[in-house]
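A structural walkthrough
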Amino acid sequence: IAIGLLVDAAVVVVENIVQHLAQEGATRRLPRLHVVFRAVREVAVPTLAGVGIIIVVFLPLLSLQGLEGKLFAPVALTIAFALATSLLLSLTVIPVLASWLVRRVAHAEPWLPRTLLRLYAPLLDRALGHGRWVLGAAAALLALALVLFPFIGKTFMPTMDEGDIIVGIEKLPSVSLEQTAALDARIQAALMQQVPEVVGIVARAGSDELGLDPMGLNQTDTFLVLKPRADWTVPDKSALIDKLRAVLDTLPVRYSFTQPIEMRVSEMIIGARGDLAIKVYGPDLAVLDTLARRIESLVKAVPGSQDVYTVQNDGVQYLRVLVDRLAAGRQGLDVEAVQDALRAQLEGQRAGTVIDGNRRIPVVLRGQGEAALSAAQFAALHIAKPDGGSVPLVEIARLQRADGPVKIERELGSRYSVVIANVAGRDLVGFVDEVRARIAAGVTLPAGYRLGFGGQFENQQRAAARLSLVVPLALGLVFVILFATFGSIRQAVLVLSNVPFALVGGVVALWLSGEYLSVPASVGFIALLGIAVLNGVVLVSYFNQLHAEGLPARECVRQGACRRLRPVLMTASITAFGLIPLLFASGPGAEVQRPLAIVVIGGLVTATALTLVVLPLLYLRFGQPKAEVSRA
């Protein structure tokens with residue numbers, strides 16, 4: 001982002017030095033160094049204020065939290081330090097180099113600025129003569145942006161193509177490890193045979209040894225090893241995923257698609273994999289599952305929904321032990337003693353520790369493992385009595401089979417069930433708004449139950465709320481800097497009035513390109529705000545300088561705008577050219593860079609045009625007190 005911004009201060013300084021050297025070249029009244037010094041002093045204050053304002057408008061990025069903070073806080077720090085250094089060099093080293101290198105300056109303008117000035121001067125005269133029409137057209141453009149803005153989708157971050165695919169596969173909760181392995185092998189064989197782009201598969205079922213990825217035996221992460229893109233028979237990744245869906249739809253599983261980094265980020269944020277997680281909180285697991293299935297059916301009907309599913313949490317059979325307290329009491333046992341005995345049989349009881357060098361090995365005693373697999377053998381387990389004898393479990397307890405949940409998940413002190421959905425072909429915020437409306441109309445939550453929406457949507461809401469609070473504070477600080485620079489509230493407001501017109505191009509560019517308003521696009525609007533204010537400061541400060549020399553107000557505006565045409569166009573065009581590589585980038589991360597470049601380049605078009613046409617007109621009408629304007 002900063003490649004184009006870094007040279008803005010140097011452009012203003014060098015351009016003014018060249019102008020002064022060209023004017024002084026004909027008379028040769030002053031020493032060369034004195035001319036350079038006067039040129040730098042003339043633009044030092046507006047340059048300092050303009051670059052300082054750009055740094056200030058990036059400071060809100062430092063307030064972002066979570067994932068967006070980790071991504072964009074370094075961006076803000078890098079830009080701030082780089083701009084501060086470029087400003088220091090522009091006011092110290094650049095003038096010295098200019099005094100050495102800019103030896104002979106032609107009095108005539110080069111052909112390109114001369115051509116642009118020949119086109120701009122009549123346009124400016126016509127605008128000054130038809131001020132109401134120009135201001136009306138500018139207001140119409142602003143109204144157009146306000147009309148288009150609601151039609152621009154909103155999301156958190158564009159989905160970055162990592163180049164890899166993970167298929168999350170879920171079977172029935174009651175499946176065994178052997179059945180999971182067999183079904184996974186069947187799925188992998190089908191994918192390898194029917195999708196030639198897949199050259200290898202690495203799958204992992206259940207949890208790892210450290211328990212960092214808690215999954216059931218019915219859940220499998222399938223990592224696909226793909227051919228190079230040049231060898232694909234389909235045009236893009238979305239077409240490849242559609243091809244994989246066609247294969248998986250023929251198999252008795254539920255599935256979802258994700259990517260390695262995207263999967264881990266989603267798990268860290270919401271504990272689930274997907275763009276949106278709808279969590280239903282409440283005390284009863286059966287009611288939670290019923291509500292989750294109802295919400296799942298509603299979400300599937302929403303346009304743009306993809307890979308919608310509810311994590312299956314029932315269907316596992318348990319062997320329930322109902323202790324007969326009277327029978328146990330006759331044997332000298334209580335319920336707690338029976339529980340401890342069964343726990344020792346199934347889980348084991350620690351008997352000591354064996355020390356082998358630096359290793360400490362626990363010794364655990366437990367019963368035969370077959371008892372946990374057979375109800376008959378489990379019923380025949382013997383429980384030790386206090387008198388040294390034993391009694392079969394079946395004589396003091398009744399055994400029955402019962403269906404139960406796979407696991408009980410809690411969050412914020414409540415049990416919950418979750419519905420996971422991905423979003424394709426539309427913006428995330430619009431999708432969530434429609435989901436909310438359909439759930440509100442189609443699901444009645446019992447007392448004690450509530451809904452929570454998480455995932456990328458939660459991040460987007462947090463980032464939008466933080467920026468809506470911090471950006472106005474930054475604009476207030478910008479206003480203070482402008483007031484300190486010009487010593488006039490009127491002119492500070494005049495420069496800030498350029499900001500809404502600068503945002504017009506960014507909004508129109510987003511709408512035309514079909515991109516969504518995301519955090520990168522918001523960063524682009526922030527950068528655009530700083531650039532627009534910088535150009536406004538350069539123009540207004542020169543208007544004030546000519547006004548102080550006694551020129552009439554109309555001549556101040558006309559001469560000042562024509563004299564500052566070159567630096568304004570150079571700062572805008574250099575920034576735009578610096579972002580063109582981001583606009584056409586196609587490698588990893590291009591999805592994040594493109595919205596930012598679209599906003600800045602589109603906004604620079606309208607910002608530059610309106611700065612050069614509308615700002616002189618506004619200055620002529622409102623830039624000075626009416627008494628001074630009338631005398632001029």
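Up top is the structure.
For the structure given in this document, a descriptive report is provided here.

Calculation notes
Residue numbering note: each chain is counted from 1, following its sequence as written. Whole-chain, interface and lining totals are the exception, using all residues; otherwise, since this is a predicted model, local features are given only for residues with pLDDT of at least 70 and side-chain atom pairs are given and counted only at 80 or more. Side-chain metrics rest on all non-hydrogen atoms present in the structure, leaving aside hydrogens and water. A run of DSSP states H or I qualifies as a helix once it reaches four residues; a run of E qualifies as a strand once it reaches two. Both are numbered from the N-terminal end. Exposure is judged per residue with a 1.4 Å probe applied to protein chains only, and the accessible area is read against the type maximum: over 50% gives exposed, under 20% gives buried, and values in between give partly exposed. The contact criterion used throughout is that any non-hydrogen atoms of two residues lie within 4.5 Å. Asp and Glu are treated as the negative residues and Lys and Arg as the positive ones, with His and the ends of the chain left uncounted. By convention, the point assigned to a charge is CZ for Arg, NZ for Lys, CD for Glu and CG for Asp. Lines are fitted to the C-alpha atoms to define the axes, a helix being fitted only along its stretch in contact, and any angle between axes, read from their N-to-C directions, falls within 0 to 180 degrees. We call a crossing left-handed when the near helix sits turned anticlockwise from the far one by less than a right angle, and right-handed when that turn is clockwise. Three classes are used, and their members are as follows: Ala, Val, Leu, Ile, Met, Phe, Trp, Tyr, Cys and Pro are nonpolar, Asp, Glu, Lys and Arg are charged, and the others, Gly among them, are polar. Each nonpolar core is a collection of buried residues, namely Ala, Val, Leu, Ile, Met, Phe, Trp, Tyr and Cys, held together in the definition by side-chain atoms within 4.5 Å. At least two bridges found by DSSP between two strands are what make those strands a pair. Any Lys or Arg side-chain nitrogen located within 4 Å of an Asp or Glu carboxyl oxygen qualifies as a salt bridge. Put simply, angles under 35 degrees are roughly parallel, angles over 145 are roughly antiparallel, angles from 65 to 115 are roughly perpendicular, and the rest are oblique. We call Phe, Tyr and Trp rings a pair once their centres come within 6.5 Å, taking the six-membered ring for Trp, and we label the pair stacked below 30 degrees between planes, edge-to-face above 60, and tilted otherwise.

**Considerations on the overall build of the protein chain**
Across its full length, the protein chain carries 24 helices and 15 strands. When the 632 residues of the protein chain are sorted by exposure, 46% land in the buried category. Long-range pairs, those at least 24 residues apart, make up 77% of the contacts in the protein chain with a sequence separation of at least 6. Where the 58 positive side-chain charges of the protein chain centre and where its 51 negative ones centre are 11 Å apart.

**Re the packing of helix H19 (residues 498-513) against helix H20 (residues 519-548)**
It is at 9 Å that the axes of H19 and H20 come closest, and there the two elements cross at 145°. The chirality of how H19 crosses H20 is right-handed. Touching Asn498, Val499, Ala502, Leu503, Gly506, Val507 and Leu510 of H19 are Ala521, Phe525, Leu528, Leu529, Ala532 and Val533, all from H20. Across the contact of H19 with H20, the residue classes tally to 11 nonpolar, 2 polar and no charged.

**Considering the nonpolar core**
Grouped together as the largest cluster of nonpolar side chains are 90 residues, with contacts concentrated most on Ile17, Phe58, Val478, Leu482, Val533 and Val537. Sorting elements by how many residues they give to this core places helix H23 (residues 590-623) first, with 16 residues. Leaving out residues up to four positions away in the same chain, Val478 has contacts with Ile53, Val56, Val57, Leu496 and Val533.

**Re the sheet that holds strand E1 (residues 165-170)**
Whenever strands of a sheet pair, they do so through backbone hydrogen bonds, lying parallel or antiparallel. Read across the sheet, 4 strands follow the order E2-E3-E1-E4 without closing on themselves; strand pairing throughout is antiparallel. Edge positions in the sheet fall to strand E2 (198-205) and strand E4 (254-258), since each of these pairs with one other strand and no more. Going from strand to strand, the sheet's axes swing by 25° on average, the running direction of each strand aside. When E1 meets E4, the two strands line up antiparallel, connected through 5 bridges. What sits directly across from Gly168, in E4, is Ser256. Packing of helix H8 (residues 177-194) onto the sheet brings it into contact with E1, E2 and strand E3 (219-226), and relative to E2 it is tilted by some 165°.

**What to know about the pattern of salt bridges**
Using the criterion set out here, one finds 15 salt bridges in the structure. Across the pair Glu411 and Lys279 runs a salt bridge, and its minimum N-O distance is 2.8 Å. Note that Glu411 is positioned in strand E13 (residues 410-411) and Lys279 in strand E5 (residues 276-281), a separation of 132 residues in sequence. Ionic contacts of the salt-bridge type, sharing partners, join the residues Glu15, Glu42, Arg564 and Arg566 into one network.

**With respect to the environment of Met192**
By the secondary structure assignment, Met192 is in helix H8. With 220 residues separating them along the chain, Met192 and Leu412 place their C-alpha atoms 43 Å apart. The contact partners of Met192, leaving out residues within four places of it in the chain, are Val198, Val199, Gly200 and Ile201.

**Quick notes on the packing of helix H17 (residues 456-486) against H20**
Two elements in contact, H17 and H20, have axes whose closest approach is 12 Å; the angle formed by their N-to-C orientations is 10°. Regarding the angle of H17 to H20, the classification is roughly parallel. The segment H17 lies against H20, with Ala463, Leu467, Leu475, Val478, Leu482 and Phe486 engaging Val519, Ser522, Leu529, Val533, Val537, Val540, Ser541 and Asn544. For the contact of H17 with H20, a count of residues per class yields 11 nonpolar, 3 polar and no charged.

**Focus on the environment of Val234**
With respect to the helices and strands, Val234 occurs in the loop between E3 and helix H9 (237-248). Relative accessible area serves as the criterion here: at 16%, Val234 is assigned to the buried category. Separated by 37 residues in sequence, Val234 and Glu197 have C-alpha atoms that sit 8.7 Å apart. In this structure, Val234 is in contact with Glu197, Ala239, Leu240 and Lys243, ignoring residues within four places of it in sequence.

**Structural notes on the packing of aromatic side chains**
On inspection of all chains with the given rule, the structure shows 3 aromatic pairs. When the centroid spacing of 5.7 Å and the interplanar angle of 75° are considered together, the rings of Tyr255 and Phe257 count as edge-to-face. A relative accessible area of 15% places Tyr255 in the buried class. Given a relative accessible area of 9%, Phe257 falls into the buried group. Here the aromatic rings of Tyr281 and Tyr416 are separated by 5.8 Å at their centres, their planes lie at 45°, and the arrangement is tilted. Taken together, the residues Tyr281 in strand E5 and Tyr416 in strand E14 (residues 414-423) connect sequence positions 135 residues apart.

Remember that the coordinates give geometry; whether it matters functionally is a separate question.
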